[in-house]
Amino acid sequence: MSDDTKKPPATLDVSLAEAMARFIQTDPGEASEALATDVQKGQARAKRHIKAARQEIEDGGRPRKGRFRL
């Protein structure tokens, strides 16, 4: 499976004070690396989607796999 299907839980069981304490202890370099990685993954996902859409347009809207039947 890909990492695209993983989603964080809707709510966290953490108090506001604990969340703020964790945020204060976060290394800015680590946070910027994580953000950059997320951006790169999003760009790669968008490029794959665009490539697939362009290929579908070139194929006339027909899927490449399987036989074409009228």
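Up top you'll find the structure we're talking about.
Residues numbered from 1 in each chain as written. Predicted model: local features only at pLDDT ≥ 70, side-chain atom pairs only at ≥ 80, totals over all residues. Heavy atoms only, no water.

> An account of the overall build of the chain is needed here, citing residue identities and associated values.
Counting its regular elements, the chain contains 2 helices and 0 strands. Counting across all 70 residues of the chain, residues that qualify as buried make up 1%. Accessible surface for the chain amounts to roughly 7200 Å². Of this, 57% is attributable to carbon and sulfur atoms. (Helix = DSSP H or I, 4+ residues; strand = E, 2+ residues; numbered from the N terminus. Buried < 20%, exposed > 50% of the residue type's maximum accessible area, 1.4 Å probe, protein only. Areas by Shrake-Rupley, 256 points an atom, 1.4 Å probe, with all protein chains shown as cover.)

> Could you give me a rundown of the pattern of salt bridges, with the residues and numbers involved?
Counted according to the given criterion, the structure contains 1 salt bridge. Close ionic contact of Arg22 with Glu18 constitutes a salt bridge, the shortest N to O distance being 3.0 Å. Taken together, the residues span about one helical turn, with Arg22 and Glu18 both in helix H1 (residues 16-25) at a distance of 4 residues. Using a relative accessible area of 51% as the deciding quantity, one classes Arg22 as exposed. Here Glu18 falls in the partly exposed class, since its relative accessible area comes to 36%. (Salt bridge = Lys/Arg side-chain N within 4 Å of Asp/Glu carboxyl O.)

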